[in-house]
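One letter stands for each residue in the lines below.
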Amino acid sequence: MLHRAPQSHAEAGPADDQPLALYVHWPFCVSKCPYCDFNSHVRDRVDQDAWAAALLADLAHEAAMLPGRRLGSIFFGGGTPSLMPPATVAALIDAATRHWSAATDLEITLEANPSSVEAARFADLAAAGVNRVSLGLQALDDAALRFLGRAHDVAEGLGALDVAQASFARVSFDLIYARPGQDEAAWDAELARALGFGTGHLSLYQLTIEPGTRFATLAAQGRLQPFDEDLGALLFELTQARTAAAGLPAYEVSNHARPHERSRHNLTYWRTGDYAGVGPGAHGRRGGMATVRHRKPENFLSAVQRNGHGLQSEDALTPADRASEALLMGLRLTEGVDVDKIRARTGVDMILDERAVDRLIAHRLLWQDGPRLGVTPAGMLVLNSVLGEIVA
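Residues numbered from 1 in each chain as written. Predicted model: local features only at pLDDT ≥ 70, side-chain atom pairs only at ≥ 80, totals over all residues. Heavy atoms only, no water.

Looking now at the nonpolar core. Formed by 98 residues in total, the largest nonpolar core has its most connected members in Leu22, Phe76 and Trp100. Those residues within four positions of leucine 22 in sequence are excluded, and the remaining contacts are Leu59, Leu71, Ser73, Ile74, Phe75, Ala96, Trp100, His265, Ala276 and Val278. By size, the runner-up hydrophobic cluster in this structure holds six residues, among which are Ala21, Tyr269, Tyr275 and Ala282. (Core = buried A, V, L, I, M, F, W, Y, C linked by side-chain atoms within 4.5 Å. Buried < 20%, exposed > 50% of the residue type's maximum accessible area, 1.4 Å probe, protein only. Contact = heavy atoms within 4.5 Å.)

This is the structure:
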């Protein structure tokens, strides 16, 4: 028995056909949020000239390892890259488009905090070449923002959103839901308000307690209770229905967009295309190699000064690793994966537990359409469990 896919797969191109993506990591933040396990650091002083030079050198090294490629996207992530001087952003964009030929519709995204100070830089960042911004609103409730450790309030965040929409061609923003004390009615109202702002992309994440964070410490002390799983599932289903009705259906488990506003950069990750990772802690994939940069900012700078790049390691992925990664990443997408193409690209035949696949199809947690395999909306509720059962 096959559970057929409810959507078209016209956009599901093979990873091999994709242009290169570039990720640039800016590691600095004004403060560390209690839920954040990203590579972010608070420093009293940042030598902007030294950091611009180091990132440009690291980029030049990676470009030398990936010659002749067409560049499809650049993503400035962090940390808080909206704290970068616009001149540094412009220099990195200029260097990237000299190292590689740029696609005519090159997508250049920058993550930004919605503070009035950073919003004042938006026009200069747009002039530098940024054409898409991802805004970390995180909540539309002042008490929730305080709980999440955010420095802005709702009014300041929405002011920054207005500036972003006036400055950039494309705008996305993040919200965190399934917060302690949040019920279905409260999230429904907050999400409805968010959908009313007219952006073409939303990233909607359930709050998770990550190891090593302040929230993990509070949870271990019994001072923070994990969100009820059943209520979390209800809010997830509500989120899928609300966004689909508004014309921004899920295309990945936590990302929702109009058809032509999907993040092309993130799709490169999920479709396991090549991407260059530059800056502290940045990961990359090039030609079957996994690259990792030094994580601590000071160690990264020292490595660049010593070696001309910030690489900590570069390791060849085995065919089995590449096949597993293609499944684990691709099955996050509503379009699913083409299993035959993964087999052909990696040379690995037994990449799935076929009996588990058949069982999960029968339980309508997976769908199959010819060689394409995907996770149903019900399966997305328990995605980690589904992946753990089927990926060999």
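What follows continues from the structure just given.
Further remarks concern the environment of alanine 91. As for its position among the elements, alanine 91 is in helix α2 (residues 86-99). Sequence-wise, alanine 91 and alanine 52 are 39 residues apart; in three dimensions their C-alpha atoms are separated by 8.1 Å. (Helix = DSSP H or I, 4+ residues; strand = E, 2+ residues; numbered from the N terminus.)

Looking now at the sheet that holds strand β14 (residues 366-369). The strand order across the open sheet formed by three strands is β13-β15-β14, and the pairing between neighbours is antiparallel. The open sheet has two free edges, formed respectively by β13 (337-338) and β14, since each of these has just one partner strand. The sheet contact formed by β13 and strand β15 (residues 372-375) spans two bridges and is antiparallel. Its bridge partner being in β15, aspartate 338 is matched across the sheet by arginine 372. Helix α14 (residues 354-362) contacts β14 and β15 of the sheet and is inclined by roughly 105° relative to β14. (Pairing = 2+ DSSP bridges. Axes fitted to C-alpha atoms, helices over the stretch in contact; angles between N-to-C directions.)

What follows covers the packing of aromatic side chains. Enumeration over the complete set of coordinates arrives at 11 aromatic pairs. On the basis of an interplanar angle of 65° and a centroid distance of 5.6 Å, the ring pair of phenylalanine 122 and phenylalanine 168 is categorised as edge-to-face. Of this pair, phenylalanine 122 sits in helix α4 (residues 122-128) while phenylalanine 168 sits in the loop between α6 (154-167) and β5 (170-177); the two residues are 46 residues apart in sequence, bridging distant segments of the chain. Classification of phenylalanine 168 as buried rests on a relative accessible area of 6%. An aromatic cluster of at least three residues, connected via ring pairs, comprises Trp26, Phe28, Trp51 and Phe300. (Phe/Tyr/Trp six-rings, centres within 6.5 Å; stacked < 30°, edge-to-face > 60°.)

On to the packing of helix α12 (residues 319-330) against helix α13 (residues 339-346), then. When two helices pack together, you describe them by how their axes are tilted relative to each other and by the distance separating the axes. Orientation of α12 relative to α13, taken along the N-to-C sense of each, is 155°, at an axis distance of 9 Å. The angle between α12 and α13 places the two elements in the roughly antiparallel class. The crossing of α12 and α13 is right-handed. Contacts between α12 and α13 pair Pro319, Arg322, Ala323, Ala326 and Leu327 from the former with Ile342, Arg345 and Thr346 from the latter. (Parallel < 35°, antiparallel > 145°, perpendicular 65-115°, else oblique. Left-handed = near helix turned anticlockwise from the far one by under 90°.)

Secondary-structure assignment places alanine 52 in helix α1 (residues 48-65). With relative accessibility at 16%, the residue alanine 52 sits in the buried group.

The subject of this paragraph is the pattern of salt bridges. Opposite charge on two side chains makes pairing possible when the charged atoms of those side chains draw close. Under the definition given, this model contains 19 salt bridges. Its salt-bridge partner being arginine 170, residue glutamate 107 comes within 2.8 Å of it at the nearest N-O pair. In this pair, glutamate 107 sits in strand β3 (residues 101-112) while arginine 170 sits in strand β5, placing the two residues 63 residues apart along the sequence. Taken individually, glutamate 107 and arginine 170 each receive the classification buried, so the pair is uniform in this respect. (Salt bridge = Lys/Arg side-chain N within 4 Å of Asp/Glu carboxyl O.)

On to the pairing of β14. Sheet analysis places β14 next to β15, joined by four bridges and oriented antiparallel. Bridging from a neighbouring strand, glutamine 368 pairs with leucine 373 of β15. Following β14, the chain reverses through two residues before pairing antiparallel with β15; glycine 370 in that reversal takes a positive phi of roughly 65°.

For the rest of this paragraph, the subject is the packing of α14 against helix α16 (residues 383-390). Interhelical geometry of α14 versus α16 gives an angle of 145° and a closest axis separation of 8 Å. Counted together, Ala356, Val357, Arg359 and Leu360 of α14 and Val386, Glu389 and Ile390 of α16 form the full contact between these two elements. For the contact of α14 with α16, the residue count by class is five nonpolar, no polar and two charged. (Nonpolar A, V, L, I, M, F, W, Y, C, P; charged D, E, K, R; others polar.)

A few words now on the pairing of strand β6 (residues 201-206). Direction of pairing for β5 relative to β6: parallel, over a ladder of six bridges. Looking across to β6, one finds that isoleucine 176 is bridged to tyrosine 205. Taking the sense of rotation as the criterion, the β-α-β connection linking β5, helix α7 (residues 184-195) and β6 turns out right-handed. As defined by bridge partners, β6 adjoins strand β8 (residues 255-257) across three bridges and the pair is classed as antiparallel. Across the sheet, the residue bridging to histidine 201 is alanine 257, located in β8. (Right-handed = clockwise from strand over helix to strand, strands pointing away.)

You can see valine 24 is positioned in strand β1 (residues 20-26). Here valine 24 falls in the buried class, since its relative accessible area comes to 1%. On a C-alpha basis, the gap between valine 24 and methionine 84 in space is 11 Å, while along the polypeptide they are 60 residues apart. What valine 24 contacts, discounting residues up to four positions off in sequence, is Leu55, Phe75, Phe76, Gly77, Leu92 and Val278.

For the chain, mean pLDDT is 93; residues scoring 70 or higher make up 95% of the total. Contacts from residues 1-16, a stretch scored under 50 in pLDDT, to residues over four places away or in other chains number 36 contacts. (pLDDT = per-residue confidence, 0-100.)

Glancing now at the side chain of threonine 346. Relative to the elements of secondary structure, threonine 346 occurs in helix α13. Exposure remark for threonine 346: the relative accessible area of 9% places this residue in the buried category. A distance of 3.3 Å separates a polar atom in the side chain of threonine 346 from the backbone nitrogen of valine 348. (Polar contact = N/O pair within 3.5 Å; in protein donor to acceptor, adjacent residues only side chain to side chain.)

Between the first and last C-alpha of α12 there are 16 Å, a value that for 12 residues agrees with the 16 Å anticipated at 1.5 Å per step. Contacts made by the buried residues of α12 are with α10 (264-270), β13, α13 and α16. (Expected span 1.5 Å × (residues − 1).)

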